[in-house]
Amino acid sequence: MRPPPSLRLYLAAARAAGPLMRPLLARRAARGKEDPARLEERLGLASLPRPPGPLAWFHAASVGESLSVLPLIAALRAARPDATPLLTTGTRTAAGLAAERLPDGALHQFAPVDGGAGPRRFAAHWRPDLAVWVESEIWPALVHAAAEGGARMAMVNARMSERSAARWAKAPAMIAALLGCFEVVLTQDEAAAARLRTLGARGAVAAGSLKAGAAPPDRPAAREALAAACAGRPIWLAASTHVGEEAAVAEAHRATGLLGLLTLAAPRHPERGAEVAALFQAAGLTVTRRSQGETPGSDTEVHVLDTLGEMGAWYRLAPAAFLGASLVPLGGHNPHEPAALGCAVLHGPHTENFAEDFAALAAAGGAVQVNGGAGIGREVAALLRDAPRREAMARAAAEALGDGQAALDRALTTLLAMLPEARA
C-alpha cells in the first residue's frame with residue numbers, strides 16, 4: 001500500500017537528514033549519551049552477522065521496556081531454540097542490561113536512528129521474520145523499513161497515553177498507515193487499546209502488562225555499601241523525580257519530624273544531579289552525591305543517587321518510595337517495579353500513564369496518594385513508624401498488580417504463531 005502524503009514527506013525528510021546523523025551522534029557520545037565504540041550501529045551498520053534461521057527482532061526503547069520484554073525473549077528462545085532473538089535498544093543503560101540478562105543465543109544491537117539510510121540498512125542486513133515493538137515508541141522510518149522488508153509485525157505491552165494519542169491525532173493518515181503495518185497489537189489495558197483502535201490499530205486488544213512482576217536488576221555491592229553507611233537510620237526513597245518535585249521532597253524531609261532521617265533522592269535524569277543537589281542545599285539540607293563518589297555520613301540529610309541502572313538496588317533498600325512524575329503533570333511512572341520489590345508506594349495525583357494500575361493499587365490499599373511535600377512527609381513518617389502497615393501495603397500492591405504471567409503467556413503464544421518454521 002502506498003504511504004499517505006504525510007508519511008512520504010516524513011520519510012523524505014528523514015532521508016535528507018542523513019548527513020546530520022553522524023555529527024549528531026558524535027556530539028551525543030561526547031556527552032556520554034552514546035557508546036562511542038558502537039556508533040555505527042546507530043547508523044544501521046551492524047556489528048554482528050545475521051545468523052541463519054528465523055530471526056525475531058524485538059525493539060525496546062530503554063530500560064523499562066527491556067525489563068518487561070526480557071522474560072518474553074527468554075520464553076521464545078526456550079520454545080524455539082532454532083530461532084534467534086535480536087533485541088535493539090536506544091540507550092547505553094539498556095544495552096548494559098541486555099549484556100547482563102539476555103539469554104544465550106540472543107543478540108543485542110543499538111537501534112538505528114530514524115534518519116538517513118539507517119533504518120533501511122538495518123532491515124536489509126537483519127531481514128527479520130518477525131518484528132516486535134515493545135510498548136509504543138513508533139519511529140516511522142524504522143516501522144516502514146521493517147514492513148517494506150516483509151517482516152510480520154506485532155506490538156506487545158503497548159500503551160498510548162492521552163497526551164501521545166492527542167499528538168498522533170494531528171497526523172491521522174500517518175499514524176493509521178503505521179499502525180496498519182502491525183498484524184497484532186496487545187496492549188497493557190483497555191484504555192490504551194481503545195486509543196490505539198481510534199488511531200488505526202483496528203485489532204488492538206488488552207492483554208495485560210508484561211511489566212507486572214518485572215523487577216529491575218539488583219546491584220548488591222552498591223546496595224550493601226549504602227545500607228552500611230546508613231545503618232540504624234530511617235530511610236526513604238524519592239524515585240524518578242522531575243523538575244518541580246525536588247522542592248516537595250525537601251519539604252517532605254523536614255515534615256517527617258524523624259530524627260536521623262536520610263532521604264535518598266534519585267532524579268529521573270541523573271545529569272540533573274548537580275542542579276538537584278544545589279536545590280537541596282539551598283533548602284538548608286546537608287547533601288552528598290553518589291556520582292561524585294560520596295558516601296552519606298552521619299550528618300547527611302539527603303543522598304542524591306544521580307547514577308544510571310541502579311534503581312533496583314534502591315527499591316530493595318528503601319522500605320517506602322515516592323514515585324515521581326506524579327506531583328507535576330507528567331502522567332506518573334511505572335508502579336510495578338517498587339511493587340515487585342516490596343516497597344510501599346506513594347504517588348501524586350498525576351498518574352494518567354498507568355491509570356488502571358494505580359486504580360488497582362488504590363482499590364487494594366496498595367498505594368497512597370499525596371498532594372505535596374507536607375503530605376509526603378506525613379505519610380513517610382507514618383509508614384516508617386508502622387512496619388506492619390507498610391508491609392501490608394507492599395503485599396497488597398504485589399497482589400493487585402500480579403506477576404504478569406498471563407500477559408506473557410498470551411504474547412508468547414501469539415508470537416510463536418507468527419514466527420516461521422526453519423527452512424529444511
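What you are looking at is a predicted structure, and each value in this text was computed from that prediction instead of being measured.

**Topic: the overall build of the chain**
Thinking step 1. Within the chain, the secondary structure is distributed over 19 helices and 14 strands.
Thinking step 2. Relative to its length of 424 residues, the chain is compact, with a C-alpha radius of gyration of 22 Å against a globular reference of 22 Å.
Thinking step 3. The 424 residues of the chain split such that 55% are buried.
Thinking step 4. Of the contacts made within the chain by residues no fewer than 6 positions apart, 68% connect residues no fewer than 24 positions apart.
Thinking step 5. For the chain, the exposed surface amounts to about 17300 Å²; the carbon and sulfur share of it is 55%.
Thinking step 6. Of the side-chain charges in the chain, 43 are positive and 40 negative, and the distance between the mean point of each set is 6 Å.

**Topic: helix 6 (residues 118-126)**
Thinking step 1. Taken residue by residue, helix 6 has Gly118, Pro119, Phe122, Ala123 and Trp126 as its buried positions. All buried residues of helix 6 fall inside an arc of 125° around its axis, so they share one side.
Thinking step 2. Buried residues along helix 6 sit against strand 1 (55-59), strand 2 (84-89), strand 3 (107-110) and helix 7 (140-148).

**Observations regarding the environment of Cys343**
Thinking step 1. Position of Cys343 relative to the elements: it lies in the loop between helix 15 (336-340) and strand 13 (344-347).
Thinking step 2. In the structure, Cys343 is positioned 48 residues away from Glu391 in sequence and 8.1 Å away in space, judged by C-alpha atoms.
Thinking step 3. The residues touching Cys343, leaving out its near neighbours within four places in the chain, are Tyr315, Ala318, Pro319, Ala320, Ala321, Pro338 and Ala394.

**A short note on the sheet that holds strand 5 (residues 152-158)**
Thinking step 1. Judged by pairing direction, the sheet is parallel, and its seven strands sit side by side in the order 3-2-1-4-5-6-7 without closing on themselves. Edge positions in the sheet fall to strand 3 and strand 7 (205-206), since each of these pairs with one other strand and no more.
Thinking step 2. Its contacts with the sheet place helix 4 (residues 63-79) against strand 1, strand 2, strand 4 (130-134) and strand 5, and it is angled at close to 170° to strand 2.
Thinking step 3. Against the sheet, helix 6 engages strand 1, strand 2 and strand 3, with an angle of about 165° to strand 2.

**Here's the deal with the side chain of Thr288**
Thinking step 1. With respect to the element layout, Thr288 can be found in strand 10 (residues 287-289).
Thinking step 2. Dropping the residues within four chain positions of it, Thr288 is found in contact with Glu294, Thr295, Pro296, Thr300, Val302, His303 and Val304.

**What to know about the side chain of Gln109**
Thinking step 1. Residue placement: Gln109 occurs in strand 3.
Thinking step 2. Judged by relative accessible area, Gln109 falls into the buried class, the value being 2%.
Thinking step 3. Those residues in contact with Gln109 that lie beyond four places of it in its chain are Arg38, Glu41, Ala46, Ser47, Leu48, Leu86, Leu87, Thr88, Thr89 and Trp126.

**Concerning the nonpolar core**
Thinking step 1. Formed by 34 residues in total, the largest nonpolar core has its most connected members in Trp57 and Trp133.
Thinking step 2. With five residues, helix 9 (residues 172-179) is the largest single contributor of residues to this core.
Thinking step 3. Once residues lying within four places of it in the same chain are set aside, the contact partners of Trp57 are Leu86, Thr88, Phe122, Pro128, Leu130, Ala131, Val132, Trp133, Leu142 and Ala146.
Thinking step 4. Counting 32 residues, the second-largest nonpolar core is a separate cluster that includes Leu102, Val132, Leu210 and Ala407.

**Some details on the pairing of strand 6 (residues 184-187)**
Thinking step 1. Residues Val184 and Leu186 of strand 6 are buried on one face, and the alternating residues Val185 and Thr187, pointing to the opposite face, are buried as well.
Thinking step 2. Judged from the three bridges that link them, strand 5 and strand 6 form a sheet pairing that is parallel. For Ala158, the partnering residue across the bridge sits in strand 6 and is Thr187.
Thinking step 3. In the classification by handedness, the crossover that spans strand 6, the intervening helix 10 (residues 190-199) and the parallel strand 7 is right-handed.

**What about the packing of helix 4 against helix 19 (residues 405-418)?**
Thinking step 1. One can describe the packing of helix 4 onto helix 19 by two numbers: an axis separation of 10 Å at closest approach and a directional angle of 50°. On the basis of their axis angle, the class for helix 4 and helix 19 is oblique. Here helix 4 runs over helix 19; the crossing is right-handed. Contact residues: helix 4 offers Pro71, Leu72, Ala75, Leu76 and Ala79, while helix 19 offers Leu408, Ala411, Leu412, Leu415 and Leu416.
Thinking step 2. Across the contact of helix 4 with helix 19, the residue classes tally to ten nonpolar, no polar and no charged.

**Quick look at the pairing of strand 3**
Thinking step 1. Burial along strand 3 is two-sided: Leu107 and Gln109 facing one way and His108 and Phe110 facing the other are all buried.
Thinking step 2. In this sheet, strand 3 lies alongside strand 2 in parallel orientation, the contact comprising four bridges. Counted as the bridge partner of Leu87 is His108 from strand 3.
Thinking step 3. In this view, the connection linking strand 2 to its parallel neighbour strand 3 by way of helix 5 (residues 92-101) has right-handed handedness.

**Some words on the environment of Glu352**
Thinking step 1. Within the element layout of this structure, Glu352 appears in the loop between strand 13 and helix 16 (355-364).
Thinking step 2. Judged by relative accessible area, Glu352 falls into the partly exposed class, the value being 40%.
Thinking step 3. Sequence spacing of Glu352 and Gly331 is 21 residues, and the spatial spacing of their C-alpha atoms is 4.6 Å.

**Let's talk about the state of the cysteines**
Thinking step 1. Enumeration according to the criterion identifies zero disulfides in this entry.
Thinking step 2. Of the cysteine sulfurs around Cys343, a residue in no disulfide, the closest is that of Cys230, at 13 Å.

**As for the pattern of salt bridges**
Thinking step 1. As enumerated under the stated definition, the model contains 22 salt bridges in all.
Thinking step 2. Here Arg22 and Glu40 are joined by a salt bridge, their closest N and O atoms 2.7 Å apart. On the criterion of sequence distance, the pair formed by Arg22 in helix 2 (residues 18-30) and Glu40 in helix 3 (residues 39-42) is long-range, its members being 18 residues apart.
Thinking step 3. For Arg159, the salt bridge identified is with Glu135, shortest N-O distance 2.9 Å. Taken together, the residues span a long stretch of sequence, with Arg159 in the loop between strand 5 and helix 8 (162-168) and Glu135 in the loop between strand 4 and helix 7 at a distance of 24 residues.
Thinking step 4. The class of Arg159 is partly exposed, set by a relative accessible area of 25%.

Scoring rules and cut-offs
Residues numbered from 1 in each chain as written. Predicted model: local features only at pLDDT ≥ 70, side-chain atom pairs only at ≥ 80, totals over all residues. Heavy atoms only, no water. Helix = DSSP H or I, 4+ residues; strand = E, 2+ residues; numbered from the N terminus. Rg over C-alpha atoms; globule rule 2.2 N^0.38 Å. Buried < 20%, exposed > 50% of the residue type's maximum accessible area, 1.4 Å probe, protein only. Contact = heavy atoms within 4.5 Å. Areas by Shrake-Rupley, 256 points an atom, 1.4 Å probe, with all protein chains shown as cover. Lys, Arg positive; Asp, Glu negative; His and termini not counted. Charge placed at Lys NZ, Arg CZ, Asp CG, Glu CD. Arc of directions from axis to C-beta. Pairing = 2+ DSSP bridges. Axes fitted to C-alpha atoms, helices over the stretch in contact; angles between N-to-C directions. Core = buried A, V, L, I, M, F, W, Y, C linked by side-chain atoms within 4.5 Å. Right-handed = clockwise from strand over helix to strand, strands pointing away. Parallel < 35°, antiparallel > 145°, perpendicular 65-115°, else oblique. Left-handed = near helix turned anticlockwise from the far one by under 90°. Nonpolar A, V, L, I, M, F, W, Y, C, P; charged D, E, K, R; others polar. Disulfide = S-S within 2.5 Å. Salt bridge = Lys/Arg side-chain N within 4 Å of Asp/Glu carboxyl O.

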